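For reference, the chains in residue letters:
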Amino acid sequence: MAPRRTSGPPRRQRLEYLRPELLVLVEGTKTEDGYLLPLRRDLRDQVIITVDTRGGTPLTLVERAITSKQEADREFRRGRGRTYDAVW
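This write-up is about the structure you can find in this document. (Residues numbered from 1 in each chain as written. Predicted model: local features only at pLDDT ≥ 70, side-chain atom pairs only at ≥ 80, totals over all residues. Heavy atoms only, no water.)

Applying the stated criterion to the full structure yields seven salt bridges. Its salt-bridge partner being R54, residue D52 comes within 2.9 Å of it at the nearest N-O pair. Under the relative-accessibility criterion, R54 is labelled exposed at 57%. A salt bridge links D52 to R64, with the shortest nitrogen-to-oxygen separation between them at 3.9 Å. In this pair, D52 sits in strand β2 (residues 48-52) while R64 sits in helix α2 (residues 58-77), placing the two residues twelve residues apart along the sequence. (Salt bridge = Lys/Arg side-chain N within 4 Å of Asp/Glu carboxyl O. Buried < 20%, exposed > 50% of the residue type's maximum accessible area, 1.4 Å probe, protein only. Helix = DSSP H or I, 4+ residues; strand = E, 2+ residues; numbered from the N terminus.)

Take a look at the structure:
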């Protein structure tokens, strides 16, 4: 058994678990991702923004958002990965 750590600075937590994670689904495949790029750069220390650029109609985007959130929640409950804090 390894000895317990009793001195020294405390371990730092991983930043990715402290930042909220957003999933953004967009209709277009090229320009919308370009619109969100400056936002992603400016907020990269505060939030994780994932952009789904597969495109589609508004109804398919809503359906994909629902299934993406459910799949992420399922994987999180299984101990794999993390869930999205918000889906747009």
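After that view of the structure, there is still more to cover.
Here we come to the side chain of E21. With respect to the element layout, E21 can be found in strand β1 (residues 21-25). The buried category is assigned to E21, whose relative accessible area is 12%. Looking at E21, its side chain comes within polar contact range of the side chain of R82, at 3.3 Å. Those residues in contact with E21 that sit more than four places away from it in its chain are I48, T50, R82, T83, Y84, D85 and A86. (Polar contact = N/O pair within 3.5 Å; in protein donor to acceptor, adjacent residues only side chain to side chain. Contact = heavy atoms within 4.5 Å.)

Looking now at the environment of E71. Structurally, E71 is set in helix α2. As a C-alpha pair, E71 and T83 span twelve residues in sequence and 8.6 Å in three-dimensional space.

Between its first and last C-alpha atoms α2 spans 29 Å; for 20 residues at 1.5 Å apiece the expected length is 28 Å, and the two agree. Restricting attention to buried positions, one finds in α2 the residues L61, R64, A65, S68 and A72. Viewed end-on, α2 has its buried residues packed into an arc of 110°, placing them on one side of the element. In α2, the exposed residues that point more than 90 degrees away from the buried face are L59 and R77. Buried positions along α2 lie against β1, β2 and β3 (86-87). Backbone geometry just after α2 places G79 at a positive phi near 90°. (Expected span 1.5 Å × (residues − 1). Arc of directions from axis to C-beta.)

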